[in-house]
Amino acid sequence: MTELTAVRRSFSRAADRYAAAARLQRQVSDRLLDMLPPIAAGCVLDVGCGTGFASAGLRGRYPDALLLSADFSPAMLGAHAPMSDNARMCADAHALPLRDGSVDLIFSSLMLQWCDLSRALRECHRVLRPAAAMCFATVLDGTLREIDKAFATVDRARHTLPFLDEAAVAEALGAAGLVAHHVERSRQVEYFDDVRSLLQSNRDIGASRVPLHPRRATLGRAAWQSVCAEFEAQRTPLGIPLTYELAWVVAYRPGQGDPG
Ligand SMILES: C[S@@+](CC[C@H](N)C(=O)[O-])C[C@H]1O[C@@H](n2cnc3c(N)ncnc32)[C@H](O)[C@@H]1O
């Protein structure tokens, strides 16, 4: 199974539970909507739209636009509540079924960390018309560090994605030919009552790379206890933390005659 197929499968499995579990993802999507530039957009694309958190917000901001939603998981697309879009595509962000220069605005909330960032941004550049905008939120290194720390006590395997740092995101933007107009960084922390609900939540949003239950896992009982003890050592008065380091980017494809 390729990495891409594994990611698609993980989101497809989570589709029914995603909307209820994805509290942080909904907040990120709402905040990203507030960063959208007030432009006249004929065609707007939400890439990695998931279950459509941004759909109504995009329609509200661009009432007359052709609103396209794309996601490579048929189940995430299928789990949509009634949406405000005009068309829905089951498509991979690395190879969008759209003509060169056909989109005025790309919106993408918490999808790009699952992609080969350089390839996906190049593809966005290709479908954007000159002078068109792209607005995205993604996560940076340090995200889910509590999971890495807990599992480092028992093995050397990766239990989270290899998240990029801010410099790598900036480099990928430049290499794709996109010009950053606004870049912001922020930290958001979710808190959980216990280890099981933390890992279950991560699983319900399709992001899990960690075994959930010792019986089903390759971890023995002693290893599982060690993981739980490390999570407990990280507990705060608010609960066991799970950190997201967020990057917020508004970028443009340069127009004809613009430098870059
Ligand atoms: C964390 S969810 C975010 C969904 C939505 N944007 C939101 O704010 O709720 C990530 C979404 O990206 C999709 N995705 C991941 N990699 C993708 C790819 N290469 N092409 C298209 N969609 C992808 C997943 O199927 C999933 O629906």
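Residues numbered from 1 in each chain as written. Predicted model: local features only at pLDDT ≥ 70, side-chain atom pairs only at ≥ 80, totals over all residues. Heavy atoms only, no water.

**Concerning the overall build of the protein**
Here comes step 1: Check the secondary structure of the protein and you find 9 helices and 7 strands.
Here comes step 2: In terms of overall size, the protein behaves like a compact globule, its C-alpha atoms giving a radius of gyration of 19 Å where 260 residues would be expected to give roughly 18 Å.
Here comes step 3: Summarising its shape, the C-alpha atoms of the protein cover approximately 60 × 40 × 40 Å along the three principal directions.
Here comes step 4: Counting over 260 residues, the protein shows a buried share of 53%. (Helix = DSSP H or I, 4+ residues; strand = E, 2+ residues; numbered from the N terminus. Rg over C-alpha atoms; globule rule 2.2 N^0.38 Å. Buried < 20%, exposed > 50% of the residue type's maximum accessible area, 1.4 Å probe, protein only.)

**Some words on the site of the ligand**
Here comes step 1: Near the ligand there are 20 residues, and of these Y18, G48, D71, D92 and A93 occur at the shortest range.
Here comes step 2: Contact between the ligand and F72: a nitrogen atom at 3.2 Å from a main-chain N or O atom of the residue.
Here comes step 3: The contact in question runs from a nitrogen atom of the ligand to an N or O atom on the backbone of S109, over 2.9 Å.
Here comes step 4: In isolation the ligand has 600 Å² of accessible area, and contact with the protein removes 98% of it.
Here comes step 5: Its atoms largely coinciding with the cavity grid, the ligand occupies the largest cavity.
Here comes step 6: Taken together, the residues of the shell around the ligand sort by class into 12 nonpolar, 6 polar and 2 charged. (Near = heavy atom within 4 Å. Polar contact = N/O pair within 3.5 Å; in protein donor to acceptor, adjacent residues only side chain to side chain. Areas by Shrake-Rupley, 256 points an atom, 1.4 Å probe, with all protein chains shown as cover. 1 Å grid on protein atoms, 1.4 Å probe; cavity = no way out; pocket = protein on both sides within 12 Å on 5 of 7 lines; lining within 4 Å. Sits in = over half its atoms within 2 Å of the grid points. Nonpolar A, V, L, I, M, F, W, Y, C, P; charged D, E, K, R; others polar.)

**Regarding empty space enclosed by the protein**
In this approach a probe as big as a water molecule rolls over the atoms, and the regions it shows empty are the leftover space.
Here comes step 1: Under the definition given, this model contains 1 cavity of 30 Å³ or more.
Here comes step 2: Considering only enclosed or pocket space, the largest cavity measures out at about 570 Å³ in volume.
Here comes step 3: Residue lining of the largest cavity: 41 residues in total, with F11, S109, L110, M111 and W114 positioned closest to the centre.
Here comes step 4: Of all the elements in the fold, those that place two or more residues in the lining of the largest cavity are helix 1 (3-21), helix 2 (23-34), strand 1 (43-47), strand 2 (66-71) and strand 4 (103-109). (Points joined across faces, edges and corners; volume = space filled by probe spheres on them.)

**Here's the deal with the packing of aromatic side chains**
Here comes step 1: Summed over the entire model, instances satisfying the criterion amount to 2 aromatic pairs.
Here comes step 2: When the ring of F11 is compared with that of W114, the centres are 5.1 Å apart and the planes differ by 85 degrees; the resulting orientation is edge-to-face. One end of the pair, F11, is in helix 1; the other, W114, is in the loop between strand 4 and helix 5 (117-127), and 103 residues separate them in sequence. By the burial criterion, F11 is buried, and W114 matches it.
Here comes step 3: Ring geometry for F151 and F231: centres 6.5 Å apart, planes at 80 degrees, overall edge-to-face. Here F151 is found in helix 6 (residues 145-151), whereas its partner F231 is found in helix 9 (residues 221-233), with 80 residues between them in sequence. Both residues of the pair, F151 and F231, belong to the buried class.
Here comes step 4: Here R26 stacks its cationic end above the ring of F53, 3.9 Å away from the centre of that ring.
Here comes step 5: One residue, R31, lies across the ring of W248, its end atom 4.4 Å from the ring centre. (Phe/Tyr/Trp six-rings, centres within 6.5 Å; stacked < 30°, edge-to-face > 60°. Lys NZ or Arg CZ within 6 Å of the ring centre and 35° of its normal.)

**Some points on the packing of helix 5 against helix 7 (residues 166-175)**
Here comes step 1: Where helix 5 contacts helix 7, the two axes come as close as 8 Å, and the packing angle between them is 40 degrees. What the angle tells us is that helix 5 and helix 7 run oblique. The two elements helix 5 and helix 7 meet at a crossing, and its hand is right-handed. Along the contact surface, helix 5 presents L117, S118 and L121, while helix 7 presents V169, A172 and L173.
Here comes step 2: Across the contact of helix 5 with helix 7, the residue classes tally to 5 nonpolar, 1 polar and no charged. (Axes fitted to C-alpha atoms, helices over the stretch in contact; angles between N-to-C directions. Parallel < 35°, antiparallel > 145°, perpendicular 65-115°, else oblique. Left-handed = near helix turned anticlockwise from the far one by under 90°. Contact = heavy atoms within 4.5 Å.)

**A few points about the nonpolar core**
Here comes step 1: L36, V44, L58, Y62, L198, F231 and Y244 are the most contacted members of the largest nonpolar core, which totals 54 residues.
Here comes step 2: Looking at this core, the elements that each hand over two or more residues are helix 1, helix 2, strand 4, strand 5 (128-139), helix 6, helix 8 (195-204), helix 9 and strand 7 (240-252).
Here comes step 3: Here this core gets 6 residues from one element, more than from any other, and that element is strand 7.
Here comes step 4: With residues near it in sequence (within four places) discarded, L198 still touches I147, F192, F231, I240, P241 and L242.
Here comes step 5: In this structure, M89, M111, F136 and L178 belong to the second largest nonpolar core, which totals 33 residues. (Core = buried A, V, L, I, M, F, W, Y, C linked by side-chain atoms within 4.5 Å.)

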